[in-house]
Amino acid sequence: MKKFIQTIKNIYKIEELRKRIVYTFLLILVYRLGSFIVLPGIDPSVIAEFSASMSNRTDALSLLNMFSGGAFGNVSIFALGVMPYISASIVVQLLGVFVGKFRKMQAEESGRRKLNQITRLLTIVILCIQGPAYISNIMHQYPNAFLVSSKLYILAATVILLGGSMFVMWLGERITERGIGNGISLIIMIGIIARLPQAFMAEVLSKAGSTTGGILLLIVEFVILFFVFVAAIALVQAVRKVPVQYANRVIGNKQYGGVRQYIPLKVNASGVMPIIFAQAIMLFPIIFSRFDATRGFAAAMSNYTGLWYNLVFGFLVIVFTYFYTAVTFQPNMMAEDMKKNGGFIPGVKPGKKTMEYLDTIMTRIVLPGSIFLAIIAVLPAIATLCGVNNQFASFYGGTSLLILVGVVLDTLQQVESHLLMRHYDGLMKTGRLTGRSGM
């Protein structure tokens, strides 16, 4: 505790770090306030039913509500949040893998600026599709909530939603530049944490009202949740270090190179993307509920806590982990860069052999990583079956857990770098805190 207090004092002493943290908190406060501003022309008292229904859902809409911190359910001006931007970023990233022109642009500074512009334009296109669909869906479910109902209102509401999402993107960029941590990731994390107090109180009240050892069960739940967080941190930070030796080079009177470095290959290089992709695929069986012959199949594949749903869901997470890793991990470029800089892996020939060696190692470490990720993906369903409240169970795994762990580690790493740069002790007693490479 004494060390923790001293660390807080050290953070306060560093003026730049102190300003960055305060700036970040202020922008996050603006975002949270905006999440409760309901779209003009909508009766907040009527739409409260829609907001309450979002808390008990387990489909893609609940995922959007979680990432927006409840703004989606509140029909707020920030209802669509940063998800359109994330979707556009994923599309551009995949284009950079499959399209040669985009791959070239990723390698150049001017090209990356163009890709950022393309991502923003694609975000606007996605918003123009999602905005009218979102308003029309709510109009269909709650027609009494709208004080004005016309096609012109849908257009006006779409413009407001578009402006709200672009403003949230701007907040994220400002946090990244002048605050602490990755702005977009922090906004998503704040949205997830915003649900925690309500979920926590609901779980405490349900266990406190139980007459069969509810308090003891609550303590056991917290202990299990602690170990789940420890396991998730281990998954996010786990790397396989590949040694790289650089040849000696003599330039003038100085000698360069001759040192051994390591390539850190992450066990979970794909982050939360496989779970998001798998959740999107699991929505398709709902289509078969319209036909009598396939209604049973649709019901089984839509049961969030059902055996078949979770088996297929876990399998899809494993498949998408391999797919996303294969798309983003490029051993040929790594081997080529090592060859250009005079580096080599001891015992492995440069060039094609190095590429095959890196590919083999990545294939091997992805297997345990994908299985572990699949287990984390289905943990919320297991927690629900064990009697945990549906809202609180979502923190036992899935995207909520991985995003929380990843963003917190990334932010703490930046804080620690500021402390170490000013010759203060870091956040850990031994070793350095390692974050993540991306969300």
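Structural data are supplied above this passage.
Please read these numbers as outputs of a predicted model, since none were measured by experiment.

Asks: Explain the overall build of the protein chain to me, please; I cannot follow it from the model alone.
Replies: Each helix and strand counted, the protein chain has 18 helices and 5 strands in total. In the protein chain, once contacts between residues fewer than 6 apart in sequence are set aside, the share between residues at least 24 apart is 70%. Here the protein chain displays about 23300 Å² of accessible surface, and carbon together with sulfur accounts for 66% of that area.

Asks: Looking at this structure, how should I read the packing of aromatic side chains?
Replies: Pairs of aromatic rings are described using the distance from one ring centre to the other and the angle between the two planes. Enumeration over the complete set of coordinates arrives at 11 aromatic pairs. Taking 6.0 Å as the distance between ring centres and 10 degrees as the angle between the ring planes, the aromatic pair formed by Tyr 31 and Phe 78 counts as stacked. In this pair, Tyr 31 is assigned in helix H2 (residues 15–34) and Phe 78 in the loop between helix H4 (60–67) and helix H5 (83–98), connecting sequence segments 47 residues apart. Considered together, Tyr 31 and Phe 78 belong to a single accessibility category, that of buried residues. Taken together, the aromatic side chains of Tyr 31, Phe 78, Phe 167 and Trp 170 make up a single cluster linked through ring pairs. Against the face of Tyr 262 rests Lys 241, its NZ or CZ located 6.0 Å from the ring centre.

Asks: Before we go on, may I ask you to explain the side chain of Asn 74 in this structure?
Replies: Locating Asn 74 in the fold gives a position in the loop between H4 and H5. There is a polar contact of 3.4 Å between the side chain of Asn 74 and the backbone oxygen of Ser 35. Sequence-distant contacts of Asn 74, that is, excluding residues within four places in its chain, are made with Ser 35, Phe 36, Val 38, Ile 47 and Ser 51.

Asks: Please clarify how a nonpolar patch on the surface should be interpreted in this entry.
Replies: Together, Ile 193, Leu 196, Phe 200, Met 201, Leu 205 and Phe 222 line one region of the surface with nonpolar side chains, adding up to about 490 Å² of accessible area. Looking at the nonpolar patch, the element that brings in the most residues is helix H10 (residues 196–208), giving 4 residues. Positionally, Ile 193 belongs in helix H9 (residues 183–193). Ile 193 sits in the partly exposed class, given a relative accessible area of 34%.

Asks: Hey, could you run me through the pairing of strand S1 (residues 239–246) in this one?
Replies: Each regular strand shows side chains that alternate between the opposite faces of the sheet. Taken together, the 7 bridges between S1 and strand S4 (residues 260–266) define a ladder with antiparallel strand orientation. Paired with Val 242 across the two strands is Ile 263, which belongs to S4. Sheet analysis places S1 next to strand S5 (residues 343–344), joined by 2 bridges and oriented antiparallel. Across the sheet, Gln 245 pairs through a bridge with Phe 344, a residue of S5.

Asks: Is there a simple way to explain the packing of H5 against helix H14 (residues 307–328) in this structure?
Replies: Each pair of packed helices can be summarised by the angle the axes make with each other and by the distance between the axes. Two elements in contact, H5 and H14, have axes separated by 9 Å at closest approach and are oriented at 60 degrees. Considering their axes alone, H5 and H14 lie oblique with respect to each other. Contacts between H5 and H14 involve Gln 93, Leu 94, Val 97 and Phe 98 on the former and, on the latter, Tyr 324, Val 327 and Thr 328.

Asks: Explain the sheet that holds S4 to me, please; I cannot follow it from the model alone.
Replies: Within a sheet, each strand pairs with its neighbour through backbone hydrogen bonds, oriented either parallel or antiparallel. The strand order S4-S1-S5 describes an open sheet built from 3 strands, whose pairing is antiparallel. This sheet does not close on itself; its edge strands, each paired only once, are S4 and S5.

Asks: Help me understand the packing of helix H6 (residues 100–107) against helix H7 (residues 109–141) in this model?
Replies: Put simply, H6 and H7 touch, their axes get as near as 5 Å, and they point 120 degrees apart. Two secondary-structure elements touch here, H6 through Phe 102, Met 105, Gln 106 and Ala 107 and H7 through Glu 109, Gly 111, Arg 112, Lys 114, Leu 115 and Ile 118. Its residues assigned to classes, the contact of H6 with H7 shows 5 nonpolar, 2 polar and 3 charged.

Asks: Mind showing me how you'd approach unusual backbone geometry here?
Replies: Where the residue is not glycine, phi is negative for most of them; where a peptide bond is considered, it is trans in most cases. Even without being a glycine, Val 75 presents a positive backbone phi close to 50 degrees. With respect to the secondary-structure elements, Val 75 resides in the loop between H4 and H5.

Asks: Sorry, what's going on with the environment of Ala 71 here?
Replies: Mapped onto the elements, Ala 71 comes out in the loop between H4 and H5. Separated by 20 residues in sequence, Ala 71 and Ser 51 place their C-alpha atoms 8.8 Å apart. Discounting residues that sit within four places of it in the chain, Ala 71 has contacts with Ser 35, Asn 65, Ser 76, Phe 78, Ala 79 and Tyr 134.

Asks: What is the right way to read helix H18 (residues 398–421) from this model?
Replies: One turn of the α-helix equals 3.6 residues, which is why residues spaced by three or four share an orientation. With 24 residues, H18 extends 35 Å from end C-alpha to end C-alpha; this agrees with the ideal 34 Å at 1.5 Å per step. Of all 24 residues making up H18, 17 are buried, and the element is well covered by its neighbours.

Asks: Explain the pattern of salt bridges here, please?
Replies: Pairing is possible between side chains that carry opposite charge, provided their charged atoms lie close to one another. Under the defined criterion, the tally for this structure stands at 6 salt bridges. Across the salt bridge formed by Arg 20 and Glu 16, the nearest N and O atoms sit 3.4 Å from each other. Here the residue Arg 20 and the residue Glu 16 both occupy positions in helix H2, the gap between them amounting to 4 residues, near one helical turn. The class for Arg 20 is partly exposed, based on a relative accessible area of 21%. One salt bridge in this structure joins Arg 174 and Glu 177, with 2.7 Å as the shortest N-O distance. Here Glu 177 and Arg 174 lie together in helix H8 (residues 151–178), a separation of 3 residues that amounts to about one turn. Residue Arg 174 is classed as buried on the basis of its relative accessible area of 16%. Each of Glu 203, Lys 207 and Glu 221 takes part in a single network of salt bridges with overlapping partners.

Cut-offs applied
Residues numbered from 1 in each chain as written. Predicted model: local features only at pLDDT ≥ 70, side-chain atom pairs only at ≥ 80, totals over all residues. Heavy atoms only, no water. Helix = DSSP H or I, 4+ residues; strand = E, 2+ residues; numbered from the N terminus. Contact = heavy atoms within 4.5 Å. Areas by Shrake-Rupley, 256 points an atom, 1.4 Å probe, with all protein chains shown as cover. Phe/Tyr/Trp six-rings, centres within 6.5 Å; stacked < 30°, edge-to-face > 60°. Buried < 20%, exposed > 50% of the residue type's maximum accessible area, 1.4 Å probe, protein only. Lys NZ or Arg CZ within 6 Å of the ring centre and 35° of its normal. Polar contact = N/O pair within 3.5 Å; in protein donor to acceptor, adjacent residues only side chain to side chain. Patch = residues over 30% accessible without salt bridge, like charges linked within 9 Å, V, L, I, M, F, W, Y side chains within 5 Å. Salt bridge = Lys/Arg side-chain N within 4 Å of Asp/Glu carboxyl O. Pairing = 2+ DSSP bridges. Axes fitted to C-alpha atoms, helices over the stretch in contact; angles between N-to-C directions. Parallel < 35°, antiparallel > 145°, perpendicular 65-115°, else oblique. Nonpolar A, V, L, I, M, F, W, Y, C, P; charged D, E, K, R; others polar. Expected span 1.5 Å × (residues − 1).

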